[in-house]
Amino acid sequence: MDNSVPALNFIEKIIEDDLTNGFSSKSLRFRFPPEPNGFLHIGHVKAICLNFNLGLKYNAPVNLRFDDTNPQNEESKYVEAIKEDIKWLGYKWNKECYASDYFEQLYKWALFLIDNNLAYVDSQSSELIAEQKGTPLSPGSESPFRNQPPAKSRKTFVEMSEGKHPEGSYVLRAKIDMKSPNMLMRDPVIYRVLDKTHHRTRDKWKVYPTYDWTHGESDYIEQISHSLCTLEFKPHRDLYDWFLKTLPINKSIPKQTEFARLNLSYTVTSKRKLKQLVDKQLVNGWDDPRMPTISGLRRRGYTSESLRLFVETAGIAKRENIIEASLLEFCARDHLNKIAPRVNAVLNPVKLTIINYDKHEELLSGEINPEQIDLGTREIPFSKNLLIEREDFKEEANRKFFRLTLGKEVRLKNAYIIKGESVVKNEEGKVVEILCSYDKDSKSGSGSEASKRKVKGTLHWVSEKHAIKVKVNIYDRLFVDPSPDQHKDKSFIDFVNPNSLITQSAFVEPSILSAKQGSSYQFQRVGYFNLDKKSSPTNFIFNKTVGLRDSWVKKK
Ligand code: ATP
Ligand code: MG
């Protein structure tokens, strides 16, 4: 057993330092703040695990806060999906909060800024405002409205909030520093007029606060101690701190710390981009098993344990990098191997007949899961006519081919040793049936001498008349490029893989009949498969989660 204490990540180190310097552990408080404008993705798993694991480690509350300041994109169906995903990952939030619950307070604070000559209403176009901002190397120029009397700004702002001015007519800007080296400090917009129905406040508000104006204040209201966000928010930190320094508040001030986003190869991790795939119908909804969304990965058969293992293995870093999709697959295999019942399933069948098998049929037994011996065994029907994978047979093969060929022996998993005798071909010369003989004393687990005989290959099979025909969805990567959204001249949409889904049938042993929605199986020698939500008892549909390294062919 590994008794070493895991090294602290850099955020834990910051917290430990704060505690050493007198910050009370009772005041630790974290939050996960998604905007309800889409479904959560694998990147969010990192942010969720980071915050909630800190909560568990320090016995501190973690709020779920919906950052719902933009009514144009937000919907309650996303709120519900986000809650379901976090629960499924195994975490419990302390309070369910909404930035929109703070609209009243934010509005009052905005009036405070105006009255103290720290904010002003501007009626210029957004293009003009952007132009006046200057560039990172040259200072911006002041808006002609910057020095208008606070009373005038106040009057207009109140009118804006009463719906007296149309969308785009005015904005409220914080009066900070048009020469700041940080462009975000050059009098940022903190309110805009939007005539949209909000998913919670409905039509009450006509002005909506911006992300920057809302986030730090929401953290303050909830008394979050450590506000953790991804690196793209680093330049926003000056603004975050300025607002909290400027407002008439006297409780503890939260501290923002940034960590690197999780990027995964061959996919995109941004709700906005994923929404485009859904809207353009390039995938079948947010929970399409090809999507890197939590709901898509769940439907594909990834377990919450495997996703948590994945983000833990990827680690918390200060610098951006791209994690290989193969690590995610490794984590899925690692967990599914421990929990998935084994079954025999043949995807591309060819018929195999045992010519000297003179019994009608018999029941053999196989372990449900060799990783969990106490689960016991399952019954597997065996008969004269079987199906095996077409690729497991070659009429003639070289010495490295350890599967079935004429004149050589292989073992049928959990059954007997067989030998290829001859083939039946159709008019085109294609093999339609393989005729074999079997050694009746070689039954697996019988303890006989013959059963202990070593043969090089072991094949999976199903009894033809007992096989259950099911549908399987086999997925390839959703994008053909490892970094689809990193091309200057092309959109990530251009890299969508047109062949990312193949649907075919498979023939599975009858123990599959007890499968329940969402349960995972190992189709032996093939991979892990999960029963899809659209499946029914008369029409089983399985999603391939991930392939299996074909290791025991040689081992056994
Ligand atoms: P959008 O594309 O709409 O901005 P998003 O995917 O960036 O969506 P947000 O709702 O903005 O998601 O993010 C919620 C929280 O999750 C934020 O704290 C953000 O920093 C974090 N987060 C988002 N994407 C990642 C990622 N890839 N890795 C780690 N954390 C992330
Ligand atoms: Mg974002």
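Residues numbered from 1 in each chain as written. Chains lettered and ligands numbered in written order. Predicted model: local features only at pLDDT ≥ 70, side-chain atom pairs only at ≥ 80, totals over all residues. Heavy atoms only, no water.

A.B. asks: Can you help me understand helix α4 (residues 103-115) in this one?
C.D. replies: An α-helical turn contains 3.6 residues, so any two residues separated by three or four positions project in the same direction. Taking 1.5 Å per residue, 13 residues should reach 18 Å; α4 reaches 18 Å between its end C-alpha atoms and fits that length. Residues of α4 that are buried: F103, L106, Y107, W109, A110, L111, L113 and I114. (Helix = DSSP H or I, 4+ residues; strand = E, 2+ residues; numbered from the N terminus. Expected span 1.5 Å × (residues − 1). Buried < 20%, exposed > 50% of the residue type's maximum accessible area, 1.4 Å probe, protein only.)

A.B. asks: Would you mind showing me how to read a positive patch on the surface here?
C.D. replies: A contiguous patch of positive charge on the surface is contributed by R399, K400, K408 and K456. Here K400 shows up in the loop between β18 (393-394) and β19 (404-405). (Patch = residues over 30% accessible without salt bridge, like charges linked within 9 Å, V, L, I, M, F, W, Y side chains within 5 Å. Areas by Shrake-Rupley, 256 points an atom, 1.4 Å probe, with all protein chains shown as cover. Salt bridge = Lys/Arg side-chain N within 4 Å of Asp/Glu carboxyl O. Lys, Arg positive; Asp, Glu negative; His and termini not counted. Charge placed at Lys NZ, Arg CZ, Asp CG, Glu CD.)

A.B. asks: Quick question: what am I supposed to make of the sheet that holds strand β7 (residues 207-209) here?
C.D. replies: One open sheet holds the 4 strands; their spatial order is β4-β5-β6-β7, and the pairing between them is antiparallel. At either margin of the open sheet sits one strand with a lone partner, and together these are β4 (119-122) and β7. Taking each pair of neighbouring strands and ignoring which way they run, the sheet shows an average axis angle of 20 degrees. Pairing of β4 with strand β5 (residues 171-174), which is carried by 4 bridges, proceeds in the antiparallel orientation. Within β5, the residue paired with Y120 across the bridge is R173. Sitting on the sheet, helix α6 (residues 150-161) is in contact with β4, β5, β6 (189-193) and β7, with an inclination near 65 degrees to β4. (Pairing = 2+ DSSP bridges. Axes fitted to C-alpha atoms, helices over the stretch in contact; angles between N-to-C directions. Contact = heavy atoms within 4.5 Å.)

A.B. asks: Looking at this structure, how should I read helix α12 (residues 325-339)?
C.D. replies: Compared with an ideal rise of 1.5 Å per residue, which puts 15 residues at 21 Å, α12 spans 22 Å between its outermost C-alpha atoms and is within 8% of the ideal. Burial in α12 covers these residues: A325, L328, C331, A332, H335 and L336. Down the axis of α12, the buried side of the element spans an arc of 125 degrees, and every buried residue falls inside it. (Arc of directions from axis to C-beta.)

A.B. asks: Please explain the nonpolar core as it appears in this structure.
C.D. replies: Soluble, globular proteins show a tendency: their nonpolar side chains are buried together. The biggest cluster of nonpolar side chains holds 46 residues, and the ones touching the most others in it are I42, I48, I86 and F310. The element that contributes the greatest number of residues to this core is helix α2 (residues 42-58), accounting for 9 residues. Excluding residues within four positions of it along the chain, I42 makes contact with L262, L264, T269, P292, L297, L307, F310, V311 and L328. A119, F157, L172 and L244 belong to the second largest nonpolar core, which has 34 residues in total. (Core = buried A, V, L, I, M, F, W, Y, C linked by side-chain atoms within 4.5 Å.)

A.B. asks: Could you clarify how one ought to interpret the sheet that holds strand β3 (residues 96-98) in this entry?
C.D. replies: Overall, parallel pairing links the 3 strands, which are arranged β1-β2-β3 in an open sheet. Each edge of the sheet is formed by a strand with only one pairing partner; in this case those strands are β1 (30-32) and β3. The average angle at which neighbouring strand axes cross in this sheet is 35 degrees, direction not considered. Of the pairings in the sheet, the one linking strand β2 (residues 62-66) to β3 comprises 3 bridges and is parallel in character.

A.B. asks: How should I be thinking about the side chain of T246 in this particular structure?
C.D. replies: Along the chain, T246 turns up in helix α8 (residues 237-246). Leave out the neighbours within four places in its chain, and T246 touches F112, L113 and L118.

A.B. asks: Explanation requested: the site of ligand 1 in the structure shown.
C.D. replies: Lining the immediate environment of ligand 1, one finds 18 residues, of which H41, T230, S270, K271 and R272 sit closest. Separating an oxygen atom of ligand 1 from a backbone N or O atom of E35 is a distance of 3.0 Å. Here a nitrogen atom of ligand 1 and a side-chain polar atom of R261 are 3.2 Å apart. About the coverage of ligand 1: the protein hides 94% of its 600 Å² of free accessible area. When residues of the shell around ligand 1 are traced back to their parent elements, those giving at least two are α2, β8 (226-230) and α9 (271-279). The element that contributes the greatest number of residues to the shell around ligand 1 is α2, accounting for 3 residues. Split by residue class, the shell around ligand 1 holds 7 nonpolar, 7 polar and 4 charged. (Near = heavy atom within 4 Å. Polar contact = N/O pair within 3.5 Å; in protein donor to acceptor, adjacent residues only side chain to side chain. Nonpolar A, V, L, I, M, F, W, Y, C, P; charged D, E, K, R; others polar.)

A.B. asks: What am I meant to see in the domain arrangement of the chain here?
C.D. replies: Quoted interface sizes are often the accessible area lost when the parts come together. With domains assigned, the chain is organised as domain 1 (110-209), domain 2 (261-343 + 467-556) and domain 3 (345-460). Placing a centre on the C-alpha atoms of domain 2 and another on those of domain 3 gives a separation of 30 Å. Interface area, domain 2 with domain 3, both sides summed: about 2,000 Å², of which 53% is carbon and sulfur. Linking domain 2 to domain 3 there are 2 salt bridges. A salt bridge links E509 to R378, with the nearest nitrogen and oxygen atoms 2.6 Å apart. Our count for the domain 2 to domain 3 interface comes out at 15 residue pairs in polar contact (both at pLDDT 80 or more). Looking at the side of domain 2 that touches domain 3, the elements that each hand over two or more residues are α12, β12 (342-343), β25 (468-475), β26 (501-508) and α14 (552-555). At 5 residues, the largest contribution of residues to the side of domain 2 that touches domain 3 is made by β26. Considering only residue class, the side of domain 2 that touches domain 3 consists of 15 nonpolar, 5 polar and 6 charged. (Domains from an automatic or database assignment. Buried area = accessible area lost by both parts, 1.4 Å probe.)

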